[in-house]
2 protein chains.
Amino acid sequence: MQELYNKILTESVVLNPDTLKVDSFLNHQIDPAFILKIGGEIADRFIKDSLTKILTVESSGIAVALAAGLSLGIPVVFAKKKRPDANIESVYSSNIFSFARQEETRITVDKSYLGPQDTVLIVDDFLAHGEALQGLVAIVRQAGAKLAGAGIVIEKTFQQGGTKLRSEGIRIESLASIESMEPGVIRFS
Amino acid sequence: MQELYNKILTESVVLNPDTLKVDSFLNHQIDPAFILKIGGEIADRFIKDSLTKILTVESSGIAVALAAGLSLGIPVVFAKKKRPDANIESVYSSNIFSFARQEETRITVDKSYLGPQDTVLIVDDFLAHGEALQGLVAIVRQAGAKLAGAGIVIEKTFQQGGTKLRSEGIRIESLASIESMEPGVIRFS
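Only a predicted model underlies this, so the values are computations on that prediction, with no experimental measurement involved.

**Student:** Explain the packing of helix H1 (residues 2–11) of chain A against helix H3 (residues 32–45) of chain A to me, please; I cannot follow it from the model alone.
**Tutor:** A pair of packed helices is captured by two measures, namely the crossing angle of their axes and the spacing between those axes. Residue and element names in this part refer to chain A. At a closest axis distance of 10 Å, the pairing of H1 and H3 adopts a crossing angle of 130 degrees. Relative to H3, the element H1 lies oblique. When you trace H1 past H3, the crossing you get is left-handed. Between H1 and H3, the residues in contact are Glu3, Leu4 and Lys7 and Phe34, Lys37 and Ile38, respectively.

**Student:** When you look at the relation of the copies chain B and chain A in this model, what are you seeing that I'm missing?
**Tutor:** A rotation about an axis combined with a shift along that same axis relates the two copies of the chain. Least-squares fitting of chain B to chain A yields an RMSD of 0.0 Å, with the superposition described by an axial translation of 0.0 Å and a rotation of 180 degrees. Here the transformation between the copies is reduced to the relation of a two-fold axis. By C-alpha distance to the rotation axis, the residue of chain B lying nearest is Ser59 of chain B, at 2.6 Å. In this assembly, 100% of the residues forming the interface of chain B have copies in chain A that are likewise at the interface, indicating an isologous arrangement.

**Student:** Just checking my understanding: could you explain the environment of Glu179 of chain A for this structure?
**Tutor:** Residue and element names in this part refer to chain A. Secondary-structure assignment places Glu179 in strand E10 (residues 172–182). By relative accessible area, which is 42% here, Glu179 ends up partly exposed. In this structure the C-alpha to C-alpha distance between Glu179 and Glu155, which are 24 residues apart in sequence, comes to 8.6 Å. Every residue in contact with Glu179, bar those within four places of it in the chain, is listed here: Thr157, Phe158, Arg187, Phe188 and Ser189.

**Student:** What am I meant to see in the packing of aromatic side chains here?
**Tutor:** Each aromatic ring pair is specified by the distance between its two centres and by the angle formed by the two planes. Under the counting rule described, the total for this entry stands at four aromatic pairs over all chains. When the ring of Phe25 of chain B is compared with that of Phe34 of chain B, the centres are 5.7 Å apart and the planes differ by 75 degrees; the resulting orientation is edge-to-face. As far as burial versus exposure is concerned, Phe25 of chain B and Phe34 of chain B are alike and both buried. Above the plane of the ring of Phe46 of chain A lies Arg171 of chain A, whose end atom (NZ or CZ) is 4.1 Å from the centre.

**Student:** Would you take a moment to explain the interface of chain B and chain A for this structure?
**Tutor:** How large an interface is tends to be reported as the accessible area lost when its parts come together. Contact residues are listed per partner, giving 38 residues for chain B and 38 residues for chain A. Surface buried jointly by chain B and chain A totals about 3000 Å² across both partners, of which 61% is contributed by carbon and sulfur atoms. Of all residues in chain B, His28, Leu66 and Tyr113 of chain B give up the largest surface area on contact with chain A, accounting jointly for 23% of the area buried on that side. On inspection of chain B and its partner chain A, the count reaches two salt bridges. Among the salt bridges present, the one from Lys21 of chain B reaches Asp110 of chain A, with a minimum N-O distance of 4.0 Å. Counting every contact that joins chain B to chain A gives 15 residue pairs in polar contact (both at pLDDT 80 or more). Only helix H2 (23–27), strand E3 (29–30), helix H3 (32–45), helix H4 (61–72), strand E5 (76–81) and strand E7 (103–110) of chain B provide two or more residues apiece to the side of chain B that touches chain A. Its residues assigned to classes, the side of chain B that touches chain A comprises 20 nonpolar, eight polar and 10 charged. As defined by bridge partners, strand E3 (residues 29–30) of chain A adjoins E5 of chain B across two bridges and the pair is classed as antiparallel. The residue bridging Gln29 of chain A from the neighbouring strand is Val77 of chain B, located in E5 of chain B.

**Student:** Please clarify how a positive patch on the surface should be interpreted in this entry.
**Tutor:** A surface patch of like charges, here positive, comprises Lys81, Lys82 and Arg101 of chain A together with Lys81, Lys82 and Arg101 of chain B. Here Lys81 of chain B shows up in strand E5. What makes Lys81 of chain B partly exposed here is its relative accessible area of 33%.

**Student:** Please explain the nonpolar core as it appears in this structure.
**Tutor:** What tends to happen in soluble globular proteins is that the nonpolar side chains get buried as a cluster. Membership of the largest hydrophobic core comes to 74 residues, with the highest contact counts inside it found for Leu4, Ile8 and Leu20 of chain A together with Leu4, Ile8, Leu20 and Ile54 of chain B. The element contributing the most residues to this core is H4 of chain B, with eight residues. Beyond its immediate sequence surroundings of up to four residues, Ile54 of chain B is in contact with Ala65, Ala68, Gly69, Leu72, Ile74, Pro75, Val76, Val77, Leu121 and Val123 of chain B.

**Student:** I would appreciate a short explanation of helix H5 (residues 131–142) of chain A in the present structure.
**Tutor:** An α-helical turn contains 3.6 residues, so any two residues separated by three or four positions project in the same direction. Compared with the 16 Å implied by 1.5 Å per residue over 12 residues, the 17 Å span of H5 of chain A between its first and last C-alpha is a close match. Gly144 of chain A, located one to two residues past H5 of chain A, shows a positive phi value of around 70 degrees.

**Student:** For this particular structure, what's the right way to read the pattern of salt bridges?
**Tutor:** Between side chains of opposite charge, a pair can form as their charged atoms come close. All names here are of chain A. With the rule as written, the count across this model stands at 22 salt bridges over all chains. Between Glu173 and Arg171 there is a salt bridge, with the nearest N and O atoms lying 3.2 Å from each other. For Glu173, a relative accessible area of 21% gives the class partly exposed.

Rules used throughout
- Residues numbered from 1 in each chain as written.
- Chains lettered and ligands numbered in written order.
- Predicted model: local features only at pLDDT ≥ 70, side-chain atom pairs only at ≥ 80, totals over all residues.
- Heavy atoms only, no water.
- Axes fitted to C-alpha atoms, helices over the stretch in contact; angles between N-to-C directions.
- Helix = DSSP H or I, 4+ residues; strand = E, 2+ residues; numbered from the N terminus.
- Parallel < 35°, antiparallel > 145°, perpendicular 65-115°, else oblique.
- Left-handed = near helix turned anticlockwise from the far one by under 90°.
- Contact = heavy atoms within 4.5 Å.
- Least-squares fit on C-alpha atoms with pLDDT ≥ 70 in both.
- Buried < 20%, exposed > 50% of the residue type's maximum accessible area, 1.4 Å probe, protein only.
- Phe/Tyr/Trp six-rings, centres within 6.5 Å; stacked < 30°, edge-to-face > 60°.
- Lys NZ or Arg CZ within 6 Å of the ring centre and 35° of its normal.
- Buried area = accessible area lost by both parts, 1.4 Å probe.
- Salt bridge = Lys/Arg side-chain N within 4 Å of Asp/Glu carboxyl O.
- Polar contact = N/O pair within 3.5 Å; in protein donor to acceptor, adjacent residues only side chain to side chain.
- Nonpolar A, V, L, I, M, F, W, Y, C, P; charged D, E, K, R; others polar.
- Pairing = 2+ DSSP bridges.
- Patch = residues over 30% accessible without salt bridge, like charges linked within 9 Å, V, L, I, M, F, W, Y side chains within 5 Å.
- Areas by Shrake-Rupley, 256 points an atom, 1.4 Å probe, with all protein chains shown as cover.
- Lys, Arg positive; Asp, Glu negative; His and termini not counted.
- Charge placed at Lys NZ, Arg CZ, Asp CG, Glu CD.
- Core = buried A, V, L, I, M, F, W, Y, C linked by side-chain atoms within 4.5 Å.
- Expected span 1.5 Å × (residues − 1).

Take a look at the structure:
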């Protein structure tokens, strides 16, 4: 998706060898019309999958997931982080480790919003080490739902999340795949 | 907005005298087409204000803010909670107390995304004690931006946030105002 490549090349900042900052259009400020296109592109790649739900995790995945949900006309569920009032019996849950924050977080989804009748598309902004995506996959499995795959805005293929999850048979569609990055030089796969 | 009233009456749960759970359409699961209408309604109320930015705070405000941003064709900025990598000199910040979680949280906005040239609409899902809204107002003022007002999905008028902020001259437009609630009985203003 050329417009996404252009945004990454002109607006992103390589903070360190592992971290790409895309705050100007994805993680802090959002360009609504652009996000709508991104969501539409993800939706198009799964248009034949008879999806019933989109699943993401707060916070940065919400905008893209909503855009995909608008395109597909299906509900969006966002997993909550560290929900203090979660009744353990009423939720699916998973622990994910954030490399960026160096901390483990529990994510939960209320059982009311996912079940065996669902076919789920997971949507997220980034795929790097794959911790968040693995946590969301675990929740889809706990729900007994069918997993159609995952739609990702930016995958960093030099980290191993995508490789690992694809080897488990999970379909992953990434709109931009970065194979290497250093300040001023970003290479797409 | 009748559709919003209907959703609140049929789908919300009064968890306790202070807390209304609207997880099925706003805070955990999102109905994209409905959220688009909600955002459009908020946008309509500020259509004459020459807005340049929408400001919200992660996580539950993001979807509604994006919907309003789509309608108005302007960028959405979401304040970050407890941002670990925030360089204090590069951000506006404010501390907000969450009554629901009984904890104080620091919210930040990178200075790149708000400035004196901006006219800002604050958007959020709920207005109760007004702590989040006050924190966002403080950030708009730190930026030297013009504040057009705040668009809120659900205001609980029996809590004092709206009264306090309106007395300071802030324009607040709430799509649904709840004057009292108990299990099974919700009264709108």
